[in-house]
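# What the coordinates show
For reference, the chains in residue letters:
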Amino acid sequence: MNLFDLTGRVAVVTGANTGIGQGIAVALANAGASLVTVGRSSPEETRSLLPEGTRHHDIRADLSSTEPLAGIVDEVIAKMGRIDILVNNAGIIRRADAVDYSEADWDAVIDTNLKSLFFLSQAAGRAMIAQGSGKIINIASLLSFQGGIRIPAYTAAKSGVAGLTRLLACEWAAKGVNVNAIAPGYIETNNTTALREDEKRNADILGRIPAARWGQPSDMGGAAVFLASAASDYVNGVVLPVDGGWLAR
Ligand code: NAP
């Protein structure tokens, strides 16, 4: 038996049109999963990277509000028959010094990165509990462990994601639903363009990463397949850093 085989499983990945979500969606499909992408932009590039024959359905939704969330899970079940894996990946970042940080930026980041993550997990969790199995993978951050600078709402949201991951794991582990998180390190995506364009920040960051390189979205694939598969059936409430050793330093 291949512990990492996802054949026959239905995986939902939010924000899968680019970056980490794309890397995870492609890895899950390569492990055999059927895929539902959820986001506000076209996932055409991701679709082109899926292995031939992958069953794929796209749901266009703006996750900055809770309004579409219950309907997303209903649509997944109507189109695909079930929901086995949910990857809560969609997220935004807004940077400003704490003394200048606006309420609008605070609300936007908390609503997308924390509130929608919880209520989509709730909707998916209800279906998973009813079928007696499921895997929820939240995309946390190094800011689930550290303070950072100039990203107060992001740090609050990602610290909240780590806490929610543990709470949901405690409530749902005995019901067959595993809830865990991946904490990516510094990964080359749109989210980090500003950091990579700032020569000093880029050098400071690179100098601290033991692996001596920025991560790629594809670097998240192995951890995602592990947490989505039977290989992690007794893993609950973990926030797994995939960071080239950043937190070890
Ligand atoms: P990204 O390339 O900017 O991707 C973010 C994804 O979220 C995009 O697909 C984006 O869709 C989607 N999204 C944002 N707001 C949305 C909304 N209101 N409704 C629907 N979809 C929305 O950045 P990324 O680095 O891959 O980020 C993915 C996740 O990883 C985020 O949760 C981020 O916090 C986390 N993360 C990233 C890093 C890193 O170093 N890059 C490190 C730790 C954690 P659009 O393309 O339409 O905007």
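Read on for a plain summary of the structure. From a predicted model like this one, the values you see are computed outputs, not experimental measurements. (Residues numbered from 1 in each chain as written. Predicted model: local features only at pLDDT ≥ 70, side-chain atom pairs only at ≥ 80, totals over all residues. Heavy atoms only, no water.)

## Comments concerning the overall build of the protein
Inclusion rule: Numbering of helices and strands runs from the N terminus; a helix is a DSSP stretch of H or I covering at least four residues, while a strand is a stretch of E covering at least two. In this setup the radius of gyration rests on C-alpha atoms only. A globule is expected at 2.2 Å times the number of residues raised to 0.38. Here, two residues are considered to be in contact whenever any of their heavy atoms come within 4.5 Å of each other. Each accessible area is a Shrake-Rupley estimate made with a 1.4 Å probe; only the visible protein chains count as cover when residues are assessed.
A count of helices and strands for the protein gives 8 helices and 7 strands. In terms of C-alpha radius of gyration, the protein reaches 17 Å, essentially the compact-globule figure of 18 Å for 249 residues. Taken along the three principal axes of its C-alpha coordinates, the protein extends 50 × 35 × 35 Å. Of the contacts made within the protein by residues no fewer than 6 positions apart, 70% connect residues no fewer than 24 positions apart. When the accessible area of the protein is evaluated, it comes to approximately 11100 Å², of which 51% is carbon and sulfur surface.

## Section: the environment of Gln 22
Examined against the element boundaries, Gln 22 turns out to sit in helix H1 (residues 19-30). Once residues within four sequence positions are removed from consideration, Gln 22 is found in contact with Gly 15, Ala 16, Asn 17, Glu 45, Thr 46 and Leu 49.

## Remarks on the pattern of salt bridges
Which entries qualify depends on this criterion: Put simply, a salt bridge is a Lys or Arg side-chain nitrogen that is within 4 Å of an Asp or Glu carboxyl oxygen. Between buried and exposed lies partly exposed: a residue is buried under 20% and exposed over 50% of the maximum accessible area for its type, with that area taken using a 1.4 Å probe on protein chains only.
The full count for this structure, using the stated rule, is 8 salt bridges. With a closest N to O distance of 2.7 Å, Lys 135 and Asp 233 form a salt bridge. In this pair, Lys 135 sits in strand S5 (residues 134-139) while Asp 233 sits in the loop between helix H8 (221-228) and strand S7 (239-242), placing the two residues 98 residues apart along the sequence. On the basis of relative accessible area, Lys 135 is assigned to the buried category, the value being 6%. The class of Asp 233 is partly exposed, set by a relative accessible area of 46%. Here Asp 219 ties to Arg 213 by a salt bridge, and the two come within 2.9 Å at their closest N and O atoms. According to the relative accessible area criterion, Asp 219 is partly exposed, its value standing at 31%.

## Some remarks on the pairing of strand S2 (residues 34-39)
The condition that has to hold: A pair of strands is treated as paired once DSSP finds two or more bridges between them. Orient the strands so they point away from the viewer, and a crossover whose first-strand-to-second-strand path over the helix runs clockwise is right-handed.
The buried fraction of S2 amounts to 6 of the 6 residues, a majority that puts the element mostly inside the structure. When strand S1 (residues 10-14) meets S2, the two strands line up parallel, connected through 5 bridges. Bridge assignment links Val 12 to a residue of S2, and that residue is Val 36. The handedness of the S1 to S2 crossover, carried by H1, is right-handed. Of the pairings in the sheet, the one linking S2 to strand S3 (residues 56-60) comprises 5 bridges and is parallel in character. Following the sheet pairing, Val 36 is matched in S3 by His 57. Traced from S2 through helix H2 (residues 44-49) to S3, the parallel crossover comes out right-handed.

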